[in-house]
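Single-letter residue listing:
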Amino acid sequence: MQINPKKIKLGLGRTLLRLMPMILMGGLTLATFWMVQKNQPGEKSMLERVRLHEPDYIITNGALSALNEMGTTKYRILGNKVTHYDDDASIDIDTPRMRLFQPDKAPVTVKSDTGHLDGDLTILDLIGNASIFRPAKAATATEPATARMLATSSYYKVLINDDIIETDKPITLQQGMSVMNSTDGGIFNNIEQSMALSGQVKGRIERAPRSNP
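Residues numbered from 1 in each chain as written. Predicted model: local features only at pLDDT ≥ 70, side-chain atom pairs only at ≥ 80, totals over all residues. Heavy atoms only, no water.

Helix and strand counts for the chain come out as two helices and 14 strands. Relative to its 213 residues, the chain shows a buried fraction of 27%. Within the chain, residue pairs in contact and separated by at least 24 positions form 41% of the contacts whose partners lie at least 6 positions apart. Carbon and sulfur atoms provide 58% of the accessible area of the chain, an area that totals close to 14,600 Å². (Helix = DSSP H or I, 4+ residues; strand = E, 2+ residues; numbered from the N terminus. Buried < 20%, exposed > 50% of the residue type's maximum accessible area, 1.4 Å probe, protein only. Contact = heavy atoms within 4.5 Å. Areas by Shrake-Rupley, 256 points an atom, 1.4 Å probe, with all protein chains shown as cover.)

With that out of the way, let us pick up the environment of Lys 157. When you line up the elements, Lys 157 lands in strand 8 (residues 149-159). For Lys 157, a relative accessible area of 26% gives the class partly exposed. It is 6.2 Å that separates the C-alpha atoms of Lys 157 and Leu 126, two residues lying 31 residues apart in sequence. Filtering out sequence-adjacent residues up to four positions away, Lys 157 remains in contact with Ile 123, Leu 124, Asp 125, Ile 164, Ile 165 and Glu 166.

Counting residues in hydrophobic clusters, the biggest one holds 26 residues, and the most contacted among them are Met 98, Leu 124, Ile 132, Tyr 156 and Ile 165. Going through the elements one at a time, strand 2 (73-85), strand 3 (91-94), strand 4 (97-100), strand 5 (108-111), strand 7 (123-134), strand 8 and strand 10 (171-175) are the ones with two or more residues in this core. Not counting residues up to four positions away in its chain, the partners in contact with Tyr 156 are Leu 124, Asp 125, Leu 126, Ala 130, Ser 131, Ile 132, Ala 151, Ile 165, Glu 166, Thr 167, Ile 171 and Met 195. (Core = buried A, V, L, I, M, F, W, Y, C linked by side-chain atoms within 4.5 Å.)

One can find Ala 130 in strand 7. With relative accessibility at 1%, the residue Ala 130 sits in the buried group. Sequence-wise, Ala 130 and Lys 157 are 27 residues apart; in three dimensions their C-alpha atoms are separated by 9.8 Å. Not counting residues up to four positions away in its chain, the partners in contact with Ala 130 are Lys 111, Ser 112, Ala 151, Thr 152, Ser 153, Ser 154, Tyr 155 and Tyr 156.

The next thing to look at is the side chain of Asn 190. Here Asn 190 lies in the loop between strand 12 (186-189) and strand 13 (194-197). The residues contacting Asn 190, other than those within four sequence positions of it, are Leu 100, Phe 101, Gln 102, Val 108 and Asp 163.

What follows covers the pattern of salt bridges. Counting across every chain of the model gives one salt bridge. Across the pair Arg 204 and Glu 206 runs a salt bridge, and its minimum N-O distance is 3.0 Å. Judged by relative accessible area, Arg 204 falls into the partly exposed class, the value being 44%. (Salt bridge = Lys/Arg side-chain N within 4 Å of Asp/Glu carboxyl O.)

Below, the structure is given as structure tokens:
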């Protein structure tokens, strides 16, 4: 059997004409895919822009202090371990101890098992065995005498700029020989150094014994 080369060429040409639209569509699809991939950021560059909540530095026995307008210490925060996070500038503190200072008044110490300080340095959360302690202070020419005060709870929030310590958890308050318990927490005002209890409050109030002249 003889094969006519002209017929073979003619058949191939017709086949190519029929397949031409599919070839063009395939080429356009590949070109579009290539352009999209080229313009998209690579996986590595996208991951580089994502700031994970991971420590960027850890300090053992760290301390953070702030001064007031007069140049004296307003507060000082200490911790056995201070962990700083880069993404939000927040700080986790193991065994935090915060001392609040007011002119002519006894310094107040707040502490707990763990703490978290926000990135703006405005809110300190104190979690686990939290307490507020103010030692007794004798009367001065401008301030009356104050009795020893200890207020314990499971949680305190320190509003640093407002000099306020608050909680909605139960509080046990000891002041001098008096003991009070509240069910719904309370607010400690460091400027006035006064404690206001919330909810049901029960306990006993006893006067301090008079000193002999």
